[in-house]
Amino acid sequence: MESNHTAPVREHHVHQRHFDRLVMLSDGVFAIAMTLSAVELKPEGPAAGHSLAELWATPLLIYFVSFFIVGGVWIRHRRVLASLRRVDMPAALLTLALLSLVSLMPVVVRVMLTDADGASEHGMLIYSVALAANYLCLSASWGYAAFVGHLAPDVPRATAWSWLLQDLFVAVLFGAVALFSLHLKLAALLLTLCGIGLRYLSWVKARTVVGADSPS
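In this report, the structure presented in the accompanying data block is examined. (Residues numbered from 1 in each chain as written. Predicted model: local features only at pLDDT ≥ 70, side-chain atom pairs only at ≥ 80, totals over all residues. Heavy atoms only, no water.)

## Brief notes about the overall build of the protein
1) Next: Helix and strand content of the protein: 7 helices and 0 strands.
2) Next: Evaluated residue by residue, the protein yields a buried proportion of 38% over its 216 residues.
3) Next: Residue pairs at least 24 apart in sequence account for 73% of intrachain contacts in the protein once pairs closer than 6 positions are excluded.
4) Next: Looking at the protein as shown, the accessible area adds up to about 12,900 Å², and 68% of this sits on carbon and sulfur atoms. (Helix = DSSP H or I, 4+ residues; strand = E, 2+ residues; numbered from the N terminus. Buried < 20%, exposed > 50% of the residue type's maximum accessible area, 1.4 Å probe, protein only. Contact = heavy atoms within 4.5 Å. Areas by Shrake-Rupley, 256 points an atom, 1.4 Å probe, with all protein chains shown as cover.)

Structure, rendered in structure tokens:
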């Protein structure tokens, strides 16, 4: 005779279910955002003095660059999720914040495409600020997971720092582009130099891990 008693849900099963749902949500948002960016490409007939290839060159360039930049965010976010042992509420909220920014990328691409037609003066500013925000949120997510929540104890500390500095490097570079679009060239140059410094520190941290793993 079967018992109506059911086995209790163990804590690690609960964490695994939370993690699986977060991964599915993340992949879905990234897939939709990257696909909708292509919808913004509107085929139009060639204008006077311009061939169809000339009219499509800039929109296609914007689309492919955006696709691979957002793809880069997905790759780095996938690395973060793959390194976690569990997910807590702050990590979930930071992931939702990142996904909210990723969801805006089709709108940002639309602004850039409009700017390519000369209708907007601030397309590059909005574009660079949006991408900087994506990478800053990605940095915050990994920084919390690695150093505050201790959700990725299997990642060496030097490697965790290297990954964090890499994300900050990209965010700072897009911040420099935003400043340049505002004609703040000196500030953009200084921020670029800061970004190069972050990338160098990231390389140093990565070399530290390689040196520690190499046989003596």
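## A look at helix H3 (residues 89-103)
1) Next: Look at H3: 21 Å from first C-alpha to last across 15 residues, which is about the 21 Å you get at 1.5 Å a residue.
2) Next: Of the positions making up H3, those classed as buried are Ala91, Ala92, Thr95, Leu98, Leu99 and Val102. The buried side chains of H3 occupy one side of the element, clustering within an arc of 120 degrees when seen end-on. Looking at H3, the residues exposed on the side facing more than 90 degrees away from the buried face are Met89 and Leu93. (Expected span 1.5 Å × (residues − 1). Arc of directions from axis to C-beta.)

## Looking at the packing of aromatic side chains
1) Next: Evaluation of the coordinates by the stated rule reveals 7 aromatic pairs.
2) Next: For the ring pair Tyr63 and Phe67, a centre distance of 6.0 Å and an interplane angle of 50 degrees mean the geometry is tilted. Remark: Phe67 and Tyr63 occur in helix H2 (residues 52-83); sequence separation between them is 4 residues, near one turn of the helix.
3) Next: Taking relative accessible area as the criterion, Phe67 reaches 28% and is therefore assigned partly exposed.
4) Next: Their ring planes at 45 degrees and their centres at 5.3 Å tell us that Trp142 and Trp163 sit as a pair that is tilted. Taken as a pair, Trp142 in helix H5 (residues 123-148) and Trp163 in helix H6 (residues 157-181) lie far apart in primary sequence, 21 residues in all. Across the pair, Trp163 and Trp142 agree in class, each one buried.
5) Next: Three or more aromatic residues link up through ring pairs in this structure, and these residues are Tyr63, Phe64, Phe67 and Phe68. (Phe/Tyr/Trp six-rings, centres within 6.5 Å; stacked < 30°, edge-to-face > 60°.)

## Comments concerning a nonpolar patch on the surface
1) Next: On the surface, Leu186, Leu189, Leu190, Leu193 and Ile196 cluster together into a nonpolar patch covering about 500 Å² of accessible area.
2) Next: Following the sequence through the fold, Leu193 ends up in helix H7 (residues 185-213).
3) Next: For Leu193, a relative accessible area of 49% corresponds to the partly exposed category. (Patch = residues over 30% accessible without salt bridge, like charges linked within 9 Å, V, L, I, M, F, W, Y side chains within 5 Å. Salt bridge = Lys/Arg side-chain N within 4 Å of Asp/Glu carboxyl O.)

## Quick word on the pattern of salt bridges
It is possible for side chains of opposite charge to pair when their charged atoms get near one another.
1) Next: The tally for this structure, following the rule as stated, stands at 2 salt bridges.
2) Next: Across the salt bridge formed by Asp167 and Arg76, the nearest N and O atoms sit 3.0 Å from each other. A residue pair is termed long-range when its members are at least 10 positions apart, and Asp167 in helix H6 and Arg76 in helix H2 qualify at 91 residues. For the residue pair Asp167 and Arg76, the accessibility class agrees, reading buried in each case.
3) Next: Note that Asp154 and Arg85 form a salt bridge whose closest N and O atoms lie 2.7 Å from each other. Of this pair, Asp154 sits in the loop between H5 and H6 while Arg85 is found in the loop between H2 and H3, placing the two residues 69 residues apart along the sequence. The same class applies to Asp154 and to Arg85, which are both exposed.

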